[in-house]
Amino acid sequence: MNARPLLQVSQLRKAFGGVQAINQVSFDVSSGELLGIIGPNGSGKTTIVNLITGFVKPTSGEVIYKGTNITSWAPHRIVRLGVARTFQMVKPFYQLPAYKNMIIPLYSPRVKGLAGGKYGDRNAVALDLLEDVGFERDSFVAYKVASVLPQGYLKRLELAKAIALQPDLLILDELFSGLSLAEVASMVPIIEKLRQEGKTIIMIEHRLKELFRIADRILVLNYGTKIAEGAAEQVMENDAVKNAYLGTEA
Amino acid sequence: MKKRKERIDRGIKARSGDIFTVCSWREMTYLAFPRLLPIVGCLLLPLILSGYWQKVLLSVAVFALLAISWDILAQSSMVSLGQALFFGMGAYVAGVFNHYFGWSPFVTIPLATVLGGAFCTLLLLPVLRLRGIYFAMVTLIIPLMLVRVIEASKIFGGTEGISGLSPLPSAWVEVYVAVAALLAALFGFRRMMDSDYGLVLKGINDNDRSVMNAGINIYWYKVQALFISSAIGAFAGALMTHVYMFVGMPVFALDYSILPIAAAVVGGPGTLAGATLGAFILVPLSELLRGIGGLRIVFYGLFLVIFIVALPEGLFHYIQRKYFQFERLVEVEK
């Protein structure tokens, strides 16, 4: 039995001025689990990710990762412990070719540490990682400057950059948003493969159908508060969740 | 029929990018020429030029070093308006060690490069988190502030400065030290910016949150870039202190901040070579215009405006493009 969860979030609160973006949210994520976080727009999903990964400091509460209190740590220190994330609004290095985008995470102290200081030819590793997320090796797409790549490839690049860090906990912030049905269908097997490799994943998603297919557990946020948690079917039967998504009759 | 311009890599560029280039003198010359031209040119120029123009060349090298220093900072997301801070700090450190301790210029110049770089880095450490215009404003203000500190506290000779400092052995040594430093900085730091380390610095400029998200401490990298940049500026200042045998408040003058930026913009920022080329155009131009007296600044300004409007990408990028690519007109598809 796994005694301690990989990630423990307890009584997390974040106020931006008078607005309570996150209010006393607590949850655990076990090793190897895929937790889905859903909620209407503005419910605080991305803020939770920012709080866990150190991009925003919480007003109160704690984030414990592998038994270490990482609350308010700088983002680069949290990454070094093995937490990687993608951004909802993609953040590539627009002036660099796609494969050169990969060099920066491959240059990270975490990757250097895991490889014992030897990490081989970064360009070759970058091209391999890009192929894993769907950059066809025979095409020139990996050599194109990021600023000319379509959204689908930029999302894949975002995922590849996170995978390059060899994380134990991967947080995917609306990875499927802005993608066509076909693109989403081709991304799902990549996520499933990551799970088979034993990665723990938190997915923030609006594409509920695809998320419910792969998630072990769903957590629902509304106005910064946790309103439900459990298996997908169980959560969707919850009245509070129905009200949050569909509203109530006047 | 509507036509559009198409740019295609020259055949020789594609061929010389490959291992087979070693088989052909033509391709090897194509690769070596742009690198050998500045090296041979810089080493031969002092032999050809007269005493006055040798001094101009020295000044060109110093401003080119300051422009390289500005370009490295700009590529690492720190746009500075205060290269005079680096120049002045190096100048004062060299002057003080030479005057008070009697150390030779061959000791004070390297010492001022390292110590000057370290002092400037420490001074700017608290504002490293500032971005864009806010960082630029602070770098502009600090050298102006230091001038008033020296004036009010009368330290290091106050408004009079320190004169009678040791010169370098000869004018030849002066000019060749400057030129050698320029070539070393140009080629060394171009290589650094093209490496994976340089890619991280450029990444911070492009998207700092994404670099943070790769587990890299961007502030530590910014400190390193700041130290490298300020050490280059400090070297230039220390060298000029021993050339003029004097150090005083003018070393913090605005010229040392503005001219390097103008050089980098005219030459084309982001390559270091562009910044150097810009200094090789602007400094001699400024000397040539001396003959027309008061209208000098007007013509100088006019030249800058025309250049920036006509070639916004910078001269180096333009030349580089012509060297690697040719253009042709193709019909626009309906």
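So, how was this worked out
- Residues numbered from 1 in each chain as written.
- Chains lettered and ligands numbered in written order.
- Predicted model: local features only at pLDDT ≥ 70, side-chain atom pairs only at ≥ 80, totals over all residues.
- Heavy atoms only, no water.
- Helix = DSSP H or I, 4+ residues; strand = E, 2+ residues; numbered from the N terminus.
- Rg over C-alpha atoms; globule rule 2.2 N^0.38 Å.
- Contact = heavy atoms within 4.5 Å.
- Areas by Shrake-Rupley, 256 points an atom, 1.4 Å probe, with all protein chains shown as cover.
- Buried area = accessible area lost by both parts, 1.4 Å probe.
- Salt bridge = Lys/Arg side-chain N within 4 Å of Asp/Glu carboxyl O.
- Pairing = 2+ DSSP bridges.
- Phe/Tyr/Trp six-rings, centres within 6.5 Å; stacked < 30°, edge-to-face > 60°.
- Axes fitted to C-alpha atoms, helices over the stretch in contact; angles between N-to-C directions.
- Left-handed = near helix turned anticlockwise from the far one by under 90°.
- Nonpolar A, V, L, I, M, F, W, Y, C, P; charged D, E, K, R; others polar.
- pLDDT = per-residue confidence, 0-100.
- Buried < 20%, exposed > 50% of the residue type's maximum accessible area, 1.4 Å probe, protein only.
- Patch = residues over 30% accessible without salt bridge, like charges linked within 9 Å, V, L, I, M, F, W, Y side chains within 5 Å.
- Core = buried A, V, L, I, M, F, W, Y, C linked by side-chain atoms within 4.5 Å.

Participant: So what exactly am I meant to see when it comes to the overall build of chain A here?
Facilitator: Counting secondary structure elements, chain A contains eleven helices and ten strands. Over its C-alpha atoms chain A spans a radius of gyration of 18 Å, differing by no more than 12% from the 18 Å that the globule rule assigns to 250 residues. Each principal axis of the C-alpha atoms in chain A carries an extent, and together these give about 55 × 40 × 40 Å. Within chain A, contacts between residues at least 6 apart in sequence are counted, and of these 66% link residues at least 24 apart. Summed over its atoms, the accessible surface of chain A is roughly 11000 Å², and 51% of this surface lies on carbon and sulfur atoms.

Participant: Looking at this structure, how should I read the interface of chain B and chain A?
Facilitator: By a frequent convention, interface size equals the accessible area lost on bringing the separate parts together. Facing the 17 residues of chain B at the interface are 24 residues of chain A. Counting the surface chain B buries against chain A, the share from its top three residues, B:Leu199, B:Arg209 and B:Asn213, is 30%. Applying the counting rule to chain B against chain A returns one salt bridge. Between A:Arg122 and B:Asp196 there is a salt bridge, and its shortest N-O distance comes to 2.1 Å.

Participant: Where do I start with the environment of B:Gly157 in this structure?
Facilitator: Structurally, the position occupied by B:Gly157 is in the loop between α6 (132-153) and β2 (162-163). Through-space distance from the C-alpha of B:Gly157 to that of B:Leu66 is 26 Å; in sequence the pair is 91 residues apart.

Participant: When you look at the sheet that holds strand β2 (residues 19-29) of chain A in this model, what are you seeing that I'm missing?
Facilitator: Sheets are built from strands that pair by backbone hydrogen bonding, the pairs being arranged parallel or antiparallel. Residue and element names in this part refer to chain A. Read across the sheet, four strands follow the order β2-β1-β4-β5 without closing on themselves; strand pairing throughout is antiparallel. Two strands lie at the open edges of the sheet, namely β2 and β5 (68-69), each paired on one side alone. Pairing geometry for strand β1 (residues 7-16) and strand β4 (residues 60-65), over five bridges, is antiparallel. From the neighbouring strand, Gln 8 faces β4, where its bridge partner is Ile 64.

Participant: Before we go on, may I ask you to explain the packing of aromatic side chains in this structure?
Facilitator: Residues and elements named next belong to chain B. Scanning the model with the defined rule gives 18 aromatic pairs over all chains in all. With 6.4 Å between their ring centres and 65° between their planes, Tyr 30 and Phe 324 make a pair best called edge-to-face. Within this pair, whereas Tyr 30 is found in helix α2 (residues 25-48), its partner Phe 324 is found in helix α13 (residues 315-324), the two being separated by 294 residues in sequence. Centre to centre, the rings of Phe 63 and Tyr 256 are 5.7 Å apart; their planes meet at 15°, and the pair counts as stacked. Of this pair, Phe 63 sits in helix α3 (residues 51-75) while Tyr 256 sits in helix α10 (residues 255-267), placing them 193 residues apart in sequence.

Participant: Explanation requested: the packing of helix α4 (residues 83-101) of chain B against α6(B) in the structure shown.
Facilitator: Residue and element names in this part refer to chain B. Remark: α4 packs on α6, axes separated minimally by 8 Å, with the N-to-C direction vectors making an angle of 35°. Seen from above, α4 lies across α6 with left-handed handedness. From α4, Ala 84, Leu 85, Met 89 and Tyr 92 reach across to α6, where they touch Ile 142, Pro 143, Leu 146 and Ile 150. Of the residues assigned to the contact of α4 with α6, the class counts are eight nonpolar, no polar and no charged.

Participant: What is the right way to look at the confidence of the model for chain B in this model?
Facilitator: In regions of low pLDDT, the predicted coordinates are not meant to be interpreted in detail. This prediction gives chain B a mean pLDDT of 90; 98% of its residues lie at or above 70. Predicted as a complex, the structure gets a pTM of 0.90 and an ipTM equal to 0.89.

Participant: When you look at the sheet that holds strand β3 (residues 34-38) of chain A in this model, what are you seeing that I'm missing?
Facilitator: All names here are of chain A. Across the sheet, which stays open at both edges, the six strands sit in the order β6-β7-β8-β3-β9-β10 with mixed pairing between neighbours. Unpaired on one side and paired on the other, β6 (83-85) and β10 (225-230) mark the two borders of the sheet. Going from strand to strand, the sheet's axes swing by 15° on average, the running direction of each strand aside. The pairing of strand β9 (residues 217-222) with β10 spans five bridges and is classified as antiparallel. In the sheet register, Asn 222 faces β10, and the bridge partner there is Thr 225. Packed on one face of the sheet, helix α11 (residues 239-246) meets β3, β9 and β10 and runs near 125° to β10.

Participant: Explain unusual backbone geometry to me, please; I cannot follow it from the model alone.
Facilitator: For residues other than glycine, phi is negative in most cases, and the peptide bonds are mostly trans. Residue and element names in this part refer to chain A. Despite not being glycine, Lys 66 has its phi angle at roughly 50°, a positive value. Residues other than glycine seldom take positive phi values, yet Glu 174 does so here, at roughly 50°. Looking at the secondary structure, you find Glu 174 in the loop between β7 (169-173) and α8 (181-196). You can call Glu 174 buried: its relative accessible area is 5%.

Participant: Just to check I follow, could you spell out a nonpolar patch on the surface for this structure?
Facilitator: Residue and element names in this part refer to chain B. On the surface, a cluster of nonpolar side chains totalling about 750 Å² of accessible area is made up of Leu 36, Ile 39, Val 40, Leu 43, Leu 44, Leu 47, Ile 48 and Trp 172. For the nonpolar patch, the element with the highest residue contribution is α2, accounting for seven residues. Here Ile 39 shows up in helix α2. According to the relative accessible area criterion, Ile 39 is partly exposed, its value standing at 30%.

Participant: Please explain the packing of α10(B) against helix α12 (residues 296-310) of chain B as it appears in this structure.
Facilitator: Packed helices, taken two at a time, are described by their axes: the angle between them and the distance between them. Residue and element names in this part refer to chain B. Two numbers describe how α10 lies on α12: the axes approach to 10 Å, and their chain directions differ by 35°. The crossing of α10 and α12 is left-handed. Of the residues in α12, those touching α10 at Leu 259, Ala 262, Val 265 and Val 266 are Tyr 300, Leu 304, Phe 307 and Ile 308.

Participant: Explanation requested: the nonpolar core in the structure shown.
Facilitator: In a soluble, globular protein the nonpolar side chains are often hidden away together inside. The biggest cluster of nonpolar side chains holds 154 residues, and the ones touching the most others in it are A:Leu130, A:Phe135, A:Leu159, A:Ile191, A:Met203, B:Leu239 and B:Leu282. Broken down by element, this core gets its largest block of residues, 15 residues, from α3(B). Sequence-distant contacts of A:Ile191, defined by excluding residues within four places in its chain, comprise A:Leu34, A:Leu172, A:Leu175, A:Phe176, A:Ile201, A:Met203 and A:Ile214. By size, the runner-up hydrophobic cluster in this structure holds 27 residues, among which are A:Leu7, A:Val25, A:Val29 and A:Tyr65.

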